[in-house]
Each structure stands twice: as structure tokens, then as C-alpha cells.
Amino acid sequence: MNYKEARAYITEKEKLGSVMGLGTIRELLRRLDNPEKVAPVIHIAGTNGKGSILAFVEETLVGAGLNVGRYISPTIYNYRERWRHNKNWVEPGEAAEAITAVAEKTEEMVREGLPSPTAFEIETAAAFWLFRKWKCDIVLVECGMGGRLDATNVFEGDAINVLASVSKDHMAVLGDTLEAITNEKLGIVRDGTTLISYPQAEEVEKVVESYVNQHDVRYIKTGKTQLKIKSEHIKGASFIYKGQDYQISVGGEYQIYNAITAIDILKSLDFLDEIDNKINDEIIRQGLMNTAWDGRFTVANYDPLVIIDGAHNEDAWLRLRESLDKYFTNQKFVYIMGVFADKEYGKMIDILSPTMEMCYTVRSKNPRALSPEELAAKLRKVGVEAHSVGDVKLAIDWALDKAESDTKIVICGTLSITGTALKYMSKLKFKI
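Residues numbered from 1 in each chain as written. Predicted model: local features only at pLDDT ≥ 70, side-chain atom pairs only at ≥ 80, totals over all residues. Heavy atoms only, no water.

(A) Highlighting the overall build of the protein chain. Secondary structure assignment for the protein chain yields 16 helices and 17 strands. For the protein chain, the spread of C-alpha atoms along the principal axes amounts to about 60 × 55 × 40 Å. Counting over 432 residues, the protein chain shows a buried share of 59%. Taking all contacts inside the protein chain whose residues are at least 6 apart in sequence as the whole, residues at least 24 apart take part in 74%. (Helix = DSSP H or I, 4+ residues; strand = E, 2+ residues; numbered from the N terminus. Buried < 20%, exposed > 50% of the residue type's maximum accessible area, 1.4 Å probe, protein only. Contact = heavy atoms within 4.5 Å.)

See below:
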């Protein structure tokens, strides 16, 4: 298959939807000679912050001269973004080669009467196939949903497991309590491996502590008590963690906590001698300072100010609100926003509407999107001036055209809207 044919093949497999469980992916990987076993892995589960944490880690490892593979989902710019080699997206031809190799084994399974792997299982197997081809020293892998039954949960040996911020999301699948959701995400942690946890809410922390007390797990708790924030602004922060000075170049208070989680990950590589020998405090400092991760409190423009954030669930909306309140106390914003109909967008309205001067509602390309008309109507019910626009680019044009010198624009709601906005803003000739 060429790249276009490979994309069409995946689109066809997407009709199978999501099927939780590990039997099919394990059989598929077996037929591919288990490419998931070729390198040590940093495996991350959680609700928010997975991408940011691994961005800090990836930048540092690549800066240390290591050969690094990374698998992410979902993407914001391009389908190929999910497979990264030393920070670069996979080339179209190489993506097609990987999908073709996995598709051959997939169709072999179907002919034998076995369940067909889903699109996500095929993409996950393709990631491991690519990591083997690239001869990676270490690989970074994000769970798609949950953890215990996620298709990425196939590692047995040299694994560092990471728990990013846990909150309520995908509750129809993972459970409707923080305890249930946390237990599902802890399902990636095997005995004899390492677990590093982001500073969690008390309810989540209790579940984590109970889990590690019952298992043979090296537990590293990232703690706020060892953190001193020196300065913080929309483009980054400086802080002391465990006696060392660091700087980051991304805004949002939550990114400081993602960064200290990344520091603990990088410091925990001591069981991998060839990798640990290349990681020192200066390498970590430089990696954190150089890290950029688009769509997470990204300042896309200064005059007028435009902030683009991928906040798409309750915890992310709370973190966005906290950062806006901290950097722009008692100020109001023009929002461009769209949401998925299956998200708790009523809570989003409760959290963000007090900061809204007005809102342009838009629709993402995802079929799960709530109609902009319905979202605008709900915003108007709580007293927000809201206009249904539909198209993200048109909404940006309107907002910029009407902006005054002190106008501040926030674009959020889904990652697909985030990606569209970032690409469009990069083409406009404003004061970036």
C-alpha cells in the first residue's frame, strides 16, 4: 500500500470502533515477532498532561543523543504525528510500510476467523514495528484510553510507568468515580517495575498508595513539598525542585507539575546503564528549557493576545481557568470554543463562563461534536453573549477583526479545534 491506500485502510477499520481488551493486540504482535520487546519503555496513563510530560522527556533524551521513538494519541496537526522518531513525524512512505506490514497479519487473522484488530490496535502495532526498524534506545508510549485494557498495555520487562494527572473523563468506559478511573489507569503497572506519579488529588493519591503497598513496585511520588516556584508567566516559569534550578518555556501553572514529573522520570532511568550515563542535571535543565508542546496554553499571538489550549474535559478546564486567573486577574476574554456532545460541557460552562466577555461557538470535524448553535444557546442561558459561527477560521477572523488593543482571545474545547487554530494562526502575519 502507498500512504493514501494505508490511510483508506485505517479509515475502513475505524468502523470497528473501540474494543477494549488485550487478546487481539497480543496475537497481532505475536505474529509480528513481538516488536514491543525491542527497547525499554516509558509508558504513561492519565487523564491530562500525558503529552506534555513526555514532551519534556523526549526533548531531554534526544538532546542527550539517544535514539528515541514516541507514540502519541490523539494528534492535533496530522495523522503521521502519532509516530515520532527523534521528535520528527514519520515520513508518509514509512508510515505506509508499517501499516502494510501490520495489515498483512491483520488480514491473516481475519481469514482464520479471529476478530479483526481495530484501527487503534493496528496503529499501536505499527508504532512498535517502527520502533524496531528505527532501532530505538528507548520508546515513549501514551495510553489511548484507560490503561488496564488499553492496546498499549503489552509491556512486561524494562518499563517505567507514569501516572499523569487523573480526573473524570471517558466515564462510560472507565467508571464514574475517581477511584474506579485510577484503578483502570494503574492497570499498566506490573510487579517489578517503576511507577512515577504526578502530584495527584487526595482521592487519587489514596488509591495509588494502596496499589503500591500491595505490589512489588518502586514508587516515586512527585511532590509539591520539594518544589519552590521562583517566577511564573504566560511564556514559562523558573523553579527549584529537589534543590536544583530549572526553567521551562511553556505557560500554564500545571506545566510546572508536568515538568517535575518529567524530572523524576529522567532521574529514574538509573536501572538502564547506557541511558542513565547520558543523563545529568545539565542535560535535564537544557531539555526542559527547550521543550515546546503546541496546544497547551500556547501563546499564538501577542497583539492582540491569543492563547490556544487543548482543554477538553473538566480537569483541563479547571487548570485553564486557574492559569487565566493567575496571569490576568479579574479580566475577561473573548472565547472561540467548540466541544464534544459526549463531554460534560455543562461543567465547562460553569467553570469558564465567568471569564467570558463573549464567545464564538464553532464545530470540530469530529462527528462527536456538539452543534455550535446548541452550545451558543446554552451559553446565552447563563448570560454570555454567544454567536454561532461554525467554522474555526472564520471565528478567528471575526475575533481578530473586532479586537482592540486590550482584547485577549482564548481558543479551546477540543484538540481538533486546537490544531486547526494553530495551523491557521501560523499563516497570519501578526505579532507572534
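After presenting the structure, the write-up continues.
(B) Region of interest: the nonpolar core. Residues Ile42, Leu61, Phe239, Leu269, Tyr335, Met337 and Leu352 are the most contacted members of the largest nonpolar core, which totals 72 residues. In terms of residue count, helix α9 (residues 253-267) provides more of this core than any other element does, 9 residues in total. Grouped together as the second largest cluster of nonpolar side chains are 39 residues, Tyr9, Ala39, Phe128 and Trp129 included. (Core = buried A, V, L, I, M, F, W, Y, C linked by side-chain atoms within 4.5 Å.)

(C) How the structure looks around a negative patch on the surface. On the surface, Glu357, Glu385, Glu404 and Asp406 cluster together into a negatively charged patch. Turning to its location among the elements, Glu357 is positioned in strand β15 (residues 356-362). (Patch = residues over 30% accessible without salt bridge, like charges linked within 9 Å, V, L, I, M, F, W, Y side chains within 5 Å. Areas by Shrake-Rupley, 256 points an atom, 1.4 Å probe, with all protein chains shown as cover. Salt bridge = Lys/Arg side-chain N within 4 Å of Asp/Glu carboxyl O. Lys, Arg positive; Asp, Glu negative; His and termini not counted. Charge placed at Lys NZ, Arg CZ, Asp CG, Glu CD.)

(D) Local environment of helix α5 (residues 119-134). The end-to-end C-alpha distance of α5 is 22 Å, a good match for the 22 Å that 16 residues give at a rise of 1.5 Å each. Remark: Lys135 follows α5 within two positions and exhibits a positive phi of approximately 55 degrees. (Expected span 1.5 Å × (residues − 1).)

(E) Expanded view of helix α12 (residues 314-327). In this model, α12 (14 residues) spans 20 Å end to end at C-alpha, consistent with the 20 Å of a helix rising 1.5 Å per residue. All of the buried residues along α12 are Asp315, Ala316, Trp317, Arg319, Leu320, Ser323, Leu324 and Tyr327. On its buried face, α12 is in contact with β9 (227-233), α9, β13 (305-308), β14 (333-337), α13 (345-352) and β17 (408-412).

(F) The arrangement of the pattern of salt bridges in detail. Tallied over the entire structure, the rule returns 32 salt bridges. Where Glu58 meets Arg84, a salt bridge forms, and the shortest distance between an N and an O atom there is 3.1 Å. Note that Glu58 is positioned in helix α3 (residues 50-63) and Arg84 in strand β3 (residues 83-85), a separation of 26 residues in sequence. Exposure remark for Glu58: the relative accessible area of 2% places this residue in the buried category. Take Arg84: its relative accessible area is 9%, and that puts it in the buried class. As a salt-bridge pair, Arg190 and Glu156 come within 3.5 Å of each other at their nearest N and O atoms. Of the two residues, Arg190 sits in the loop between α7 (178-185) and β7 (194-197) while Glu156 sits in the loop between β5 (138-142) and β6 (159-163), which places them 34 residues apart along the sequence. Beyond isolated ion pairs, a larger network of salt bridges with shared partners links Glu27, Arg30, Arg31, Glu108 and Glu112.

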